[in-house]
Amino acid sequence: TYQAYENLYCLIGYRIYVEKDKIKNNVKCRICGLLGMFVANTIRFFAQYDLLKKDVNNEYFYYWRTAVGCAFTISFILFFLSFDIKNRNIKIIINYIGAQTFFIYLIHMLTYAIVDKYIGRENIVQFWGDGTKGLVIYCIMYPIIIFGIALCIKCIWDLICYGLKLIGSKMWGNNNEM
């Protein structure tokens, strides 16, 4: 099933790429994307919430290879492609985050494992409140926290690389072959 979702992502991604000009500024795509995100996330939330009540370590619906994850991703892409962003600063921020997503994808499981090991899911749920309230906030906030931490790691990595490049250029001249 894992390969089936990868193939589905590729086929639908190609189709969206081919039709991207028709999607831009299309209100129907925007509404379908928003509704699709809402429905998929609602299904995913309640399904994951039900699993977490039984076993706090069961994270099946967090994976994007599920049908619900696939539906959410497609809806997410449709929704955001339907906008024509004209503000230069917002474009810069979106382009920066977009350029970092592969690195974030590569390290998010490591980030997840470290946060899980040193803080623990049970502690996070208890921090936001025992019972239903804590699980609800956990289901919503945990992916955002992992993404934020991974993005911060990437920013720190970029600053270190930039600093090393500056130091290297001062020590060995203006050699750009790094």
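Residues numbered from 1 in each chain as written. Predicted model: local features only at pLDDT ≥ 70, side-chain atom pairs only at ≥ 80, totals over all residues. Heavy atoms only, no water.

Peer 1: Where do I start with the overall build of the protein chain in this structure?
Peer 2: Across its full length, the protein chain holds 7 helices and 0 strands. Sequence-ordered secondary structure for the protein chain, helices as α and strands as β, is α-α-α-α-α-α-α. Considering the protein chain as a whole, with its 178 residues, one finds that 29% of them fall into the buried category. Here the protein chain has roughly 12,600 Å² of accessible surface; of this, 68% comes from carbon and sulfur atoms. (Helix = DSSP H or I, 4+ residues; strand = E, 2+ residues; numbered from the N terminus. Buried < 20%, exposed > 50% of the residue type's maximum accessible area, 1.4 Å probe, protein only. Areas by Shrake-Rupley, 256 points an atom, 1.4 Å probe, with all protein chains shown as cover.)

Peer 1: Just to check I follow, could you spell out the nonpolar core for this structure?
Peer 2: As a rule of thumb, soluble globular proteins bury nonpolar side chains together. Grouped together as the largest cluster of nonpolar side chains are 8 residues: L52, Y112, V115, I124, W128, Y138, Y142 and I146. Breaking this core down by element, the ones donating at least two residues are α5 (88-118) and α7 (132-172). Considering every element that reaches this core, the biggest residue donor is α7, with 3 residues. By size, the runner-up hydrophobic cluster in this structure holds 6 residues, among which are I16, I23, I74 and L78. (Core = buried A, V, L, I, M, F, W, Y, C linked by side-chain atoms within 4.5 Å.)

Peer 1: Just checking my understanding: could you explain the side chain of E19 for this structure?
Peer 2: Among the structural elements, E19 can be located in the loop between α1 (2-18) and α2 (20-23). Residue classification places E19 among the buried residues on the basis of a relative accessible area of 18%. One polar contact links E19 to R15, side chain to side chain, over a distance of 2.8 Å. (Polar contact = N/O pair within 3.5 Å; in protein donor to acceptor, adjacent residues only side chain to side chain.)

Peer 1: Mind showing me how you'd approach the pattern of salt bridges here?
Peer 2: Summed over the entire model, instances satisfying the criterion amount to 4 salt bridges. Across the pair K22 and E19 runs a salt bridge, and its minimum N-O distance is 3.3 Å. Accessibility expressed as a relative area gives 61% for K22, which makes it exposed. Between K86 and D84 there is a salt bridge, and its shortest N-O distance comes to 2.9 Å. (Salt bridge = Lys/Arg side-chain N within 4 Å of Asp/Glu carboxyl O.)

Peer 1: I tried to follow the packing of aromatic side chains on my own but got confused; where do I start?
Peer 2: The description of an aromatic ring pair rests on the distance of the ring centres and on the angle between the ring planes. For the coordinates displayed, the defined rule picks out 5 aromatic pairs. Note on F79 and F80: the rings are 4.9 Å apart at their centroids and 85 degrees apart in plane angle, and the pair reads as edge-to-face. One aromatic cluster in this structure is built from F72, F76, F79, F80 and F83. Between the NZ or CZ atom of K154 and the centre of the ring of F103, over which it lies, the distance is 5.1 Å. (Phe/Tyr/Trp six-rings, centres within 6.5 Å; stacked < 30°, edge-to-face > 60°. Lys NZ or Arg CZ within 6 Å of the ring centre and 35° of its normal.)

Peer 1: Looking at this model, I keep getting lost on the packing of helix α3 (residues 27-54) against helix α4 (residues 67-81). Mind explaining?
Peer 2: To describe two helices that pack against each other, one gives the angle between their axes and the distance between the axes. Between α3 and α4, whose axes approach to 7 Å, the crossing angle comes to 150 degrees. Judged by the angle between their axes, α3 and α4 are roughly antiparallel. For the crossing formed where α3 meets α4, the hand is left-handed. Note on element contacts: α4 touches α3 through V68, G69, A71, F72, S75, F76, L78 and F79, opposite C29, R30, G33, L34, G36, M37, A40, N41, I43 and R44. (Axes fitted to C-alpha atoms, helices over the stretch in contact; angles between N-to-C directions. Parallel < 35°, antiparallel > 145°, perpendicular 65-115°, else oblique. Left-handed = near helix turned anticlockwise from the far one by under 90°. Contact = heavy atoms within 4.5 Å.)

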